[in-house]
Structure formats: C-alpha cells, structure tokens
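# An overview of the molecular structure
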Number of protein chains: 2
Amino acid sequence: MTRVEQRRRTETRILTAARQLFGEQGFDRTTIRAIATRAGSDPGLVMRYFGSKEKLFAQAAAIPADGPIEGSPEQIAEQLIAALTEKLADEPTAALAALRAMFTHPEAAEEVRAAMAAQQQQVAAQLSGDDALVRSGVIGALTLGLVISRHLVRLDGLDASPAELMAVAGPLIEELTTGSTEPGHN
Amino acid sequence: MTRVEQRRRTETRILTAARQLFGEQGFDRTTIRAIATRAGSDPGLVMRYFGSKEKLFAQAAAIPADGPIEGSPEQIAEQLIAALTEKLADEPTAALAALRAMFTHPEAAEEVRAAMAAQQQQVAAQLSGDDALVRSGVIGALTLGLVISRHLVRLDGLDASPAELMAVAGPLIEELTTGSTEPGHN
DNA sequence: TCATTCGGTCTACATGTGTTGACTGAAAGG
DNA sequence: CCTTTCAGTCAACACATGTAGACCGAATGA
C-alpha cells in the first residue's frame, strides 16, 4: 500500500473517531488517547497529524454551511422547513460535536452562533414588520430547540418521524415568516 | 460572631460561587480551587463541607420544580406562557448551571430531561388529538430553544424584552395547545 | 480557667491529561 | 543496493486537578 494513501486513511479514521467522541462526550471529556484508541492508532500520531487537540476539534466540529435562503416569505418558509427537516433526520454527526461542545467550549459557541446568525440575517432581511429580527430569532431558537431536544436530550415525544414533527412545527414556521404583527408597538 | 452562623455564611458563599461558575463554564471546566477562590475560601473547606465536587454540583444545579399545570387548553396555554416569561427574565442563575452542564454531565442531563418530561406529561394529558405528545414535546423544545438562545448563545434578536419575545412566541404556544390537528393520520 | 470542638489554612499525594521526543521498520527513489 | 523519508510506536515530562490529612487559633462549655 502506498504511503500517501495509508496516511490519508489514517487521518480519516482519526477524524471520524474524533467527530464521534466529541459528539458523544463533548470537548473536555474526550481525550486524545480515547480518540487514538477508537481510531486504532496512537496519541502521538494524532498530535503529529493535527497539531493539537484544539486544532483537531476545529476540523472535526466544523459546521457545514446551510444553503442561501431567499425569496418571498412563503418561499422562505418553504426553505426553512426543508432545512429543518434535514436537521431532524437521523445521525447528523457532523454538527453534533459543535452542538454539544457549544456550552463549554468558547470557540464552538462562536461557531454555532455564527452559523445561526448568518441564517437569521438572511431571513430577517426578507420579513416585514419592525420585529423581523425577533421573529427570525425565534425561528432559530425553535430550530435549535428541536434539534437539541431530539438528538441530545432525546425528549419523549421528539422521537417521532421527521414528517410527524414537521406536521406540528411546520405551521409555526409559516406563521413566524408570513404572519406579521403590524408595525408599531403595542 | 457565633460559629454556626459563620459556618452557614461560608457554606452559602461557596454554594453561590459554585452556582455562578458551574453556570458560566460548565462542570468540567469549573475547579474546586476556582470555587474556593471566588468564595474567598479554601479548597479543603469546600471538600469538607460538601464531600465531593459531584455532591456540590448536585446541590448547586438542582432545578426548582415548576408549579403544576392543569385545566383547559386555554388555561394550559396561559400557564405555559407565564412560566416561559419567567424563564426569559434576566439572571436565572438557578437552572443555568444544570442547563450548561446538561450536555457533558450525565446526571445533569437526567435532571433536565426529568424536569422537561414532567411538564410535558402534564401538558399532553390535557391535549386532544393523537399527536398530543408530539405537540407537548414541541412546546418543550421551543421553551428550551428560547432559553438557551437567549441566555447561553446570546443570539442576536433574542435580547429583546421578555414582553417583546412573548408577543412573538405566545401565539405559537396557543396554537400548539388549542389548535389541534384533527384525530387520524394524514 | 482549662480542655475541647471546629472553622479555616496549608501542604502533599495520586491520577489523568496534552504534548514531546527518541526510536523502529518499511516504502521511496536515486 | 543504499540512503533518505516517513508512518507508526513507546516512554517520559510538565502540569492541573480532586482529594486527604496535619496543623493552627478562636469560640464553646464545663
């Protein structure tokens, strides 16, 4: 087996193991030794290939960017619902690591905040009413709450199929995007 | 100063410092030494008074139980909205520790899950429709998402006043409790 | 007043962690 | 074929942490 190929395989195994463990236990409770063991490798090698635990985490917990969101409020709602349905699908190991580490690891917190803020700005720009930012924020909060409740907390009713969940949550998002409170305070 | 009084004061200072630090940094990143320092005390004393870091955390991160929730769907909605408004108020240091530790500390996770499940069961029991459990679960998820987004993530639009937030989120809860999807699947 | 309790402080230990560096053997390439 | 490179392994170090125990001085109570 050629050397570059071998190296690539090992790096992949380490990265996969890191993603799993960071996602299962968070940053602090995950040790380099545990990652190496699960990857069938060695702590020293992990360090040599990724530099430090921090750098390894940065690579493992990168959040894949959502596609752009634009159009009329109805189209916005449609895209948000599609995106959320995807996030509720099973085994989203990619963002799980960042999500779990978010509360104890400052960099992960920034990662998540940035990802959420980006989507929120896009949505708010298309909504009318002076509470557009609040409404888009609530959309983000609802999304975050659903993902966390399902995948991290494993809350009782949230283990239903994505379709069933969206049958309940979908109308909420539509209401948040299209149903505008009239301008002017109460 | 009498001895019992002195002891009570010191214990209180330690418990307060513990709540703050656990809430700010989570369980793993909070050290006994840091707690002792913030409390103007000593690590050994913390151990002697609380037994272990685990026991101290258990006392510091106990979640105050919500009052019972019951009545017609309209009354349910009203009570849920009142409870959420309270949770969105500023400085909820009590549950913050448990909330932040939830994702890395198994016991804290159980604590939060139990608290949420309890409320969820009460709500679901009063709702009609065969998706009652899902709807009450989504209520819990929305609540969790809002609290986390506001206090932990500090998401952009969520720094509005509780009143403004509830003007947006309130109708969602009403819809989830009163607006029932008709029995029978789609 | 004198012995005792106990809040408080200090030091030390065992352990687990990230990280480093030396070493080994096989692939690479002239 | 011989030298160089490099993936992989092993042992060790420096450090932080939870925890235990010795010690000191003031409040307590007989």
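Residues numbered from 1 in each chain as written. Chains lettered and ligands numbered in written order. Predicted model: local features only at pLDDT ≥ 70, side-chain atom pairs only at ≥ 80, totals over all residues. Heavy atoms only, no water.

## Quick look at the UniProt feature "DNA-binding region" (unreviewed entry) in chain A
Applied cut-off: UniProt positions are given in the numbering used here, feature names are shortened, and annotations may be inferred rather than shown by experiment. Runs of E in the DSSP output that reach at least two residues are strands. Runs of H or I that reach at least four are helices, and both are numbered from the N terminus.
UniProt annotation of "DNA-binding region" (unreviewed entry) refers to residues 31-50 of chain A when read in the numbering used here. Between the C-alpha atoms that bound residues 31-50 of chain A the distance is 14 Å, and the span itself is 75% helix and 0% strand.

## A look at the protein's contact with DNA strand C
As a reminder of what qualifies: Nearness of a residue to a molecule or strand requires only that one of the residue's heavy atoms be within 4 Å of it. Under the rule applied, a polar contact is a pair of N or O atoms within 3.5 Å (in protein, one hydrogen donor and one hydrogen acceptor; residues adjacent in sequence only if both atoms are side-chain atoms). When residue character is reported, Ala, Val, Leu, Ile, Met, Phe, Trp, Tyr, Cys and Pro are called nonpolar, Asp, Glu, Lys and Arg charged, and the others, Gly included, polar.
If you check the shell around DNA strand C, you find 18 residues, and the closest are R33 and K53 of chain A together with T10, R48 and Y49 of chain B. Among the atoms of DNA strand C lying within 4 Å of the protein, the sugar-phosphate backbone contributes 57%. The separation between a base oxygen of DNA strand C and a polar side-chain atom of R3 of chain B is 3.0 Å. Y49 of chain B places a polar side-chain atom, nitrogen or oxygen, 3.0 Å from a phosphate oxygen of DNA strand C. For the surface near DNA strand C, the elements supplying multiple residues, two or more each, are helix 2 (32-38) of chain A together with helix 1 (3-29) and helix 3 (43-50) of chain B. The dominant element in the surface near DNA strand C, judged by the number of residues it contributes, is helix 1 of chain B, at four residues. Looking at side-chain class alone, the surface near DNA strand C contains four nonpolar, six polar and eight charged residues.

## Some remarks on the packing of aromatic side chains
Formally: When the centres of two rings from Phe, Tyr and Trp lie within 6.5 Å, Trp using its six-membered ring, the rings pair. Their planes under 30 degrees apart give stacked, over 60 give edge-to-face, and anything left gives tilted. A simple rule labels every residue: compare its accessible area, found with a 1.4 Å probe on the protein chains alone, to the largest value its type can have, and call it buried under 20%, exposed over 50%, or partly exposed in between.
Under the definition given, this model contains seven aromatic pairs over all chains. An angle of 90 degrees between the planes, with centres 5.0 Å apart, marks the rings of F22 of chain A and F57 of chain A as edge-to-face. Taken together, the residues F22 of chain A in helix 1 (residues 3-29) and F57 of chain A in helix 4 (residues 53-60) connect sequence positions 35 residues apart. For the residue pair F22 of chain A and F57 of chain A, the accessibility class agrees, reading buried in each case. Seen in terms of ring centroids, F27 of chain B and F57 of chain B are 5.1 Å apart; in terms of plane orientation they differ by 80 degrees. Their pairing is edge-to-face. Taken as a pair, F27 of chain B in helix 1 and F57 of chain B in helix 4 (residues 53-60) lie far apart in primary sequence, 30 residues in all. Overall, F27 of chain B belongs to the buried group, its relative accessible area being 5%.

## Some details on empty space enclosed by the protein
As a reminder, the rule being used: Points on a 1 Å grid over protein atoms alone make up a cavity when a 1.4 Å probe fits among them but cannot get out, and a pocket when they form an open set with protein on both sides within 12 Å along at least five of seven lines; lining residues each have an atom within 4 Å of a point. Grid points are joined across faces, edges and corners, and a volume is the space filled by probe spheres set on the points.
The tally for this structure, following the rule as stated, stands at two cavities of 30 Å³ or more. Looking at the largest cavity, its volume works out to about 40 Å³. L80, A83, L84, K87, Q119, I139, T143 and I173 of chain A are the residues that line the largest cavity. Where the lining of the largest cavity is concerned, the elements lending two or more residues are helix 5 (73-88) and helix 8 (132-153) of chain A. The leading source of residues in the lining of the largest cavity is helix 5 of chain A, at four residues. For the lining of the largest cavity, a count of residues per class yields five nonpolar, two polar and one charged. At four residues, helix 5 (residues 73-88) of chain B tops the list of elements feeding residues into the lining of the second largest cavity. Taken together, the residues of the lining of the second largest cavity break down into four nonpolar, two polar and one charged.

## Considerations on the nonpolar core
Our working rule: In these notes, a set of buried Ala, Val, Leu, Ile, Met, Phe, Trp, Tyr and Cys residues joined through side-chain atoms within 4.5 Å is what counts as a nonpolar core. For this analysis, residues touch if any pair of their heavy atoms sits within 4.5 Å.
If you look at the biggest cluster of nonpolar residues, it comprises 117 residues, and the most contacted ones within it are F22, M102, L146 and I148 of chain A together with F22, L146 and I148 of chain B. Residues within four places of M102 of chain A in sequence aside, it is in contact with A108, A109, V112, L144 and I148 of chain A together with V153 of chain B.

## Considerations on the environment of L96 of chain A
Residues and elements named next belong to chain A. As for its placement among the helices and strands, L96 is situated in helix 6 (residues 93-101). Separated by 56 residues in sequence, L96 and L152 have C-alpha atoms that sit 8.3 Å apart. For L96, the residues in contact, after removing those within four places along its chain, are G23, H151 and L152.

## Concerning the pattern of salt bridges
All names here are of chain B. So the rule is basically this: By convention in these notes, a salt bridge is any Lys or Arg side-chain nitrogen within 4 Å of a carboxyl oxygen on Asp or Glu.
Within the structure shown, the criterion is met by 14 salt bridges over all chains. For D131, the salt bridge identified is with R135, shortest N-O distance 2.7 Å. Assessed through its relative accessible area of 14%, D131 is described here as buried. Of the residues examined, R135 reaches a relative accessible area of 2% and is grouped as buried.

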